[in-house]
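Now for the letters of each chain:
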Amino acid sequence: MSLTATAKAGPRPSGNGPGPGPDGGRAAALRRTWRKASPYAYIAPFFTLFLAFGLFPLLYTAFVSLYRVELQTSGEMEWRGLANYTALFTDEYFWISLRNTFTIGVLSTVPQLAMALGLAHLLNYKLRGRTFIRTAILLPYATSVAAATLVFAQLFGRDFGLINYVIGLVGFDPVDWQTGTVASQIAVSSIVVWRWTGYNALIYLAGMQSIPHELYEAAEMDGASRWRQFLHVTLPGLRPTIVFTVIISTIGATQLFGEPLLFEGSISGGISHQYQTLGLYMYEQGWGFFHLGRAAAIAWVMFVLIVVLVGVNALLVRRRARKEAGR
């Protein structure tokens with residue numbers, strides 16, 4: 001190239017020369033800022049709702065539990081410290097409701113999960129009308145708790161209930177399902193079992209379908225019956241799902257409220273508190289006796305109880321996993 005052409009072309013821009021103009025630099029800075037902030041912006045709605053409707057009510061309930069607050073004069077708060085908790089632990093009805101919560105929880109959770117596991121095992125095989133059956137077993141879960149409890153209250157009626165009619169045909173005396181302690185707890189537990197068995201069965205069915213089919217084929221080639229396949233293939237593969245349902249059922253049993261409230265329509269859980277749960281006891285203290293401070297203390301006791309039960313369950317599962325890994 002000649003010197004004349006080089007002179008006409010002018011000097012070439014250097015790599016160290018000035019960058020884009022001020023508008024371009026500002027746009028690039030905004031893009032970099034958005035790339036860094038966009039993940040937080042996407043999750044901000046969840047945390048905003050959680051802070052407003054989850055964490056704040058929880059902390060405010062703990063704050064209220066340290067005061068004497070009455071429903072009629074909720075604006076007047078008198079400092080009590082831990083007096084609400086000490087009064088709670090010296091109340092015999094608190095211990096009755098705690099015992100009832102445990103017994104109703106066992107009576108409802110154990111049969112519920114066992115029946116759900118059996119139903120899921122049957123639905124895991126090729127059956128006619130499987131889609132219809134899967135939809136049908138979810139109907140109790142979709143039914144309103146009020147409607148279901150009112151129907152069961154009629155079924156367990158002492159004088160004209162269908163359950164006592166069938167018992168009479170067998171030759172036994174009628175049972176007072178609403179007055180007897182064990183009988184009323186069985187009646188309330190049956191409502192919970194009826195409503196949640198289908199829901200847990202579908203969860204188990206989803207877990208069973210994620211188990212590799214090759215394991216069943218290998219077990220069948222080894223001569224294992226369906227029962228042995230269930231014990232040695234299905235149950236080990238379902239262990240995480242079973243742990244999940246046990247935890248969720250434990251939380252639900254601790255918070256049980258609608259079924260015992262509507263079974264007889266009494267916030268005291270029967271004339272002798274024979275099926276009053278912790279949730280019903282909290283409602284009675286807060287909206288029956290207007291002691292909001294004590295009701296807040298009960299809510300926090302329930303929260304701590306749930307955390308302890310879930311922690312114990314997780315500890316047992318981890319210990320069992322370590323034993324099996326050491327074999």
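In short, a report on the structure. Computed from a predicted model, the values in this text were never measured in an experiment.

The rules we used
Residues numbered from 1 in each chain as written. Predicted model: local features only at pLDDT ≥ 70, side-chain atom pairs only at ≥ 80, totals over all residues. Heavy atoms only, no water. Axes fitted to C-alpha atoms, helices over the stretch in contact; angles between N-to-C directions. Helix = DSSP H or I, 4+ residues; strand = E, 2+ residues; numbered from the N terminus. Parallel < 35°, antiparallel > 145°, perpendicular 65-115°, else oblique. Left-handed = near helix turned anticlockwise from the far one by under 90°. Contact = heavy atoms within 4.5 Å. Buried < 20%, exposed > 50% of the residue type's maximum accessible area, 1.4 Å probe, protein only. Core = buried A, V, L, I, M, F, W, Y, C linked by side-chain atoms within 4.5 Å. Patch = residues over 30% accessible without salt bridge, like charges linked within 9 Å, V, L, I, M, F, W, Y side chains within 5 Å. Areas by Shrake-Rupley, 256 points an atom, 1.4 Å probe, with all protein chains shown as cover. Salt bridge = Lys/Arg side-chain N within 4 Å of Asp/Glu carboxyl O. Phe/Tyr/Trp six-rings, centres within 6.5 Å; stacked < 30°, edge-to-face > 60°.

### Here we look at the packing of helix 7 (residues 145-155) against helix 9 (residues 181-209)
Line of reasoning, step 1. Axis separation between helix 7 and helix 9 bottoms out at 10 Å; the angle between their running directions is 130 degrees. The angle between helix 7 and helix 9 places the two elements in the oblique class. In the packing of helix 7 onto helix 9, the handedness of the crossing is right-handed. Counting all contacts with helix 7, which are made through V145, A148, T149 and F152, the residues of helix 9 involved are S190, I191, W194 and R195.

### A word on the side chain of S266
Line of reasoning, step 1. Looking at where S266 falls in the secondary structure, it is placed in the loop between helix 13 (258-264) and helix 14 (278-288).
Line of reasoning, step 2. Since its relative accessible area comes to 19%, S266 is described here as buried.

### Thoughts on the nonpolar core
Line of reasoning, step 1. Residues F156, W177, V188 and F263 are the most contacted members of the largest nonpolar core, which totals 14 residues.
Line of reasoning, step 2. Listed by contribution, the elements that provide at least two residues to this core are helix 7 and helix 9.
Line of reasoning, step 3. In terms of residue count, helix 9 provides more of this core than any other element does, five residues in total.
Line of reasoning, step 4. If we skip the residues at most four places from it in the chain, V188 touches I104, L256, E259, P260, F263 and Y275.

### A closer look at a nonpolar patch on the surface
Line of reasoning, step 1. A cluster of nonpolar side chains, namely W34, Y40, Y42, I43, F46, F47, F50, L51, L55 and L59, defines an oily patch on the protein surface of about 1100 Å² accessible area.
Line of reasoning, step 2. Checked against the element boundaries, L55 lands in helix 2 (residues 22-64).
Line of reasoning, step 3. For L55, a relative accessible area of 30% puts it in the partly exposed group.

### Remarks on the pattern of salt bridges
Line of reasoning, step 1. Under the criterion given, the structure shown has four salt bridges.
Line of reasoning, step 2. For the salt bridge of D176 with R158, the shortest nitrogen-to-oxygen distance reads 3.9 Å. Residue D176 is found in the loop between helix 8 (162-170) and helix 9, and its partner R158 is found in the loop between helix 7 and helix 8; the two are separated by 18 residues along the sequence.
Line of reasoning, step 3. Residue R158 is classed as partly exposed on the basis of its relative accessible area of 48%.
Line of reasoning, step 4. For E259, the salt bridge goes to R195, with nearest N and O atoms at 3.5 Å. Remark: R195 occurs in helix 9 and E259 occurs in helix 13; sequence separation between them is 64 residues. By the burial criterion, E259 is buried, and R195 matches it.
Line of reasoning, step 5. Residues joined in a network through salt bridges with shared partners are R158, D159 and D176.

### Here's the deal with the side chain of T241
Line of reasoning, step 1. Within the secondary structure, T241 is located in helix 12 (residues 239-254).
Line of reasoning, step 2. Exposure remark for T241: the relative accessible area of 17% places this residue in the buried category.
Line of reasoning, step 3. When near neighbours in sequence (up to four residues on either side) are disregarded, T241 contacts I203, Y204 and G207.

### Some details on the packing of aromatic side chains
Line of reasoning, step 1. As enumerated under the stated definition, the model contains 22 aromatic pairs in all.
Line of reasoning, step 2. Judged by centre distance (6.3 Å) and plane angle (15 degrees), the ring pair of F46 and F50 falls under stacked. One end of the pair, F46, and the other, F50, are both in helix 2, four residues apart, so they sit about a helical turn from each other.
Line of reasoning, step 3. With a centroid separation of 4.9 Å and 70 degrees between ring planes, the pair formed by F156 and W177 is classed as edge-to-face. You can see F156 sitting in the loop between helix 7 and helix 8 and its partner W177 sitting in the loop between helix 8 and helix 9, a full 21 residues away along the chain.
Line of reasoning, step 4. Classification of F156 as buried rests on a relative accessible area of 7%.

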